[in-house]
Amino acid sequence: MGRARDLANILSSSGNVALDSEIALTLITPTSITATGGSATSSISSTGTVSFTSASAISLNGCFTSTYDNYRIIFTLTASSGNPSITFRVRSGASDKTAADYYFGGWNNQISVGPVGSYRGTGLTQWSIGDISSAQAARYFTIMDIANPFGTTATKASYTGHYGNASDFWGYGVGAMIADSTSYDGFTMISSTGTITGKISVYGYKN
Amino acid sequence: MSEEIRVSETNAATGETVVRVLEGSELEAFLADRAAMQAEQEAREEAAAEKAVAKAAILARLGLTEEELATVLS
């Protein structure tokens, strides 16, 4: 696992160079990434952020380890083909968990009409993490805190985000859980149809 | 003709990228999983749409608008 830090972030409050153990959030470089799709491309920057284009799914492997218990994942999109729903799966050994052990519940509020639909699910094979409306992928953003994915107690997460089109906007917030005791070292962001282009950054919280 | 699914795998340590096409049982598993995922998503959206219709019917029976309901619930 590689890590990178901005100079501005490595000074402790005393002005000295901070030790690894003093840094609260560390950007993580996955050991490998997998982009699925007809013309998908992907890359890992020198700092660890993953970029991908025209992917129906993008997987990050080896980003959850025993170094950290909890992680923050930031998802941004810049383009899509069609209006896909976006979903999330954990994975281990470069394979997605596909069993129906995913649970989530939350709210989804459309500013023009108020609460929309039923933003929840039990015994699913994925977590829903927003949608694309009118191909306005650049208005999509999701931030997820995920607890204990690498440990062998249940993986939990809280995530919020928003998406929109030229005339409307949706904001959502979710609590989620995976009902098993498996250790996971990565995850996959999935486009239900068509493809997506964007970036993913994973940070480890200091234990 | 079956759909061609390409997978691009990049190793962070070496920077090497390998592109391959899913075949055989791996392709079948991918397509089956993708179909199941889409069915799951559609079922959730259908349930949400049905609930929205039911909500609209209740509001109509009560003679309330969405805005008035929001005011009541706020």
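The rules behind each value
- Residues numbered from 1 in each chain as written.
- Chains lettered and ligands numbered in written order.
- Predicted model: local features only at pLDDT ≥ 70, side-chain atom pairs only at ≥ 80, totals over all residues.
- Helix = DSSP H or I, 4+ residues; strand = E, 2+ residues; numbered from the N terminus.
- Rg over C-alpha atoms; globule rule 2.2 N^0.38 Å.
- Buried ≥ 20, exposed ≤ 12 C-beta atoms within 10 Å, placed from the backbone.
- Contact = placed C-beta atoms within 7 Å.
- Nonpolar A, V, L, I, M, F, W, Y, C, P; charged D, E, K, R; others polar.
- Pairing = 2+ DSSP bridges.
- pLDDT = per-residue confidence, 0-100.
- Expected span 1.5 Å × (residues − 1).

### Here we look at the overall build of chain A
So, point 1. Looking only at helices and strands, chain A has 0 helices and 18 strands in total.
So, point 2. Its C-alpha radius of gyration of 17 Å places chain A within 12% of the 17 Å reference for a compact globule of 207 residues.
So, point 3. With respect to the principal axes defined by its C-alpha atoms, chain A has extents near 50 × 35 × 35 Å.
So, point 4. By residue count, 43% of the 207 residues in chain A fall in the buried class.

### Here's the deal with the overall build of chain B
So, point 1. Assigned secondary structure in chain B consists of 2 helices and 2 strands.
So, point 2. The N-to-C order of helical and strand elements in chain B reads β-β-α-α.
So, point 3. Taken over the C-alpha trace, chain B has a radius of gyration of 23 Å; the compact-globule value for 74 residues is 11 Å, which it surpasses by more than 25%.
So, point 4. For chain B, the spread of C-alpha atoms along the principal axes amounts to about 65 × 35 × 15 Å.

### Considerations on the interface of chain A and chain B
So, point 1. With 28 residues of chain A in contact, the opposing surface of chain B contributes 23 residues.
So, point 2. Per-element accounting of the side of chain A that touches chain B gives the leading share, 5 residues, to strand 3 (residues 32-36) of chain A.
So, point 3. Here the side of chain A that touches chain B is composed, by residue class, of 7 nonpolar, 21 polar and no charged.
So, point 4. Two elements, strand 3 of chain A and strand 1 (residues 6-11) of chain B, share 5 bridges in a ladder whose sense is antiparallel. By the bridge assignment for strand 1 of chain B, Ile 33 of chain A is matched with Thr 10 of chain B.

### Re the confidence of the model for chain A
So, point 1. Overall, the prediction assigns chain A a mean pLDDT of 89, with 91% of residues at 70 or greater.
So, point 2. When mean pLDDT is compared element by element in chain A, strand 14 (residues 141-147) of chain A scores highest at 98, while strand 1 (residues 2-4) of chain A scores lowest at 49.

### Things to note about helix 1 (residues 24-62) of chain B
Residue and element names in this part refer to chain B.
So, point 1. End to end, helix 1 covers 57 Å across 39 residues, agreeing with the expected 57 Å (1.5 Å per residue, within 8%).
So, point 2. Of all the 39 residues making up helix 1, 2 are buried; the element is thus mostly uncovered.
So, point 3. With its phi angle positive at about 70°, Gly 63 sits one or two positions after the end of helix 1.

### Regarding the environment of Thr 26 of chain A
So, point 1. Structurally, Thr 26 of chain A is set in strand 2 (residues 25-29).
So, point 2. Sequence-wise, Thr 26 of chain A and Pro 115 of chain A are 89 residues apart; in three dimensions their C-alpha atoms are separated by 36 Å.

### Here we look at the confidence of the model for chain B
All names here are of chain B.
So, point 1. Chain-level pLDDT for chain B is 87 on average; 96% of the residues reach the 70-or-more range.
So, point 2. Put simply, helix 2 (residues 66-73) is where chain B has its lowest mean pLDDT, 83, and strand 1 is where it has its highest, 92.
So, point 3. For this predicted complex, the interface confidence reaches an ipTM of 0.78, while the overall pTM sits at 0.86.

### Describing the pairing of strand 6 (residues 57-61) of chain A
Residue and element names in this part refer to chain A.
So, point 1. Of all 5 residues that make up strand 6, 5 are buried, and the element is covered over most of its length.
So, point 2. Bridging between strand 3 and strand 6 involves 5 bridges; their strand directions are antiparallel. Its bridge partner being in strand 6, Ile 33 is matched across the sheet by Leu 60.
So, point 3. With 4 bridges connecting them, strand 6 and strand 17 (residues 186-191) associate as antiparallel partners. Across the sheet, the residue bridging to Ala 57 is Ile 190, located in strand 17.

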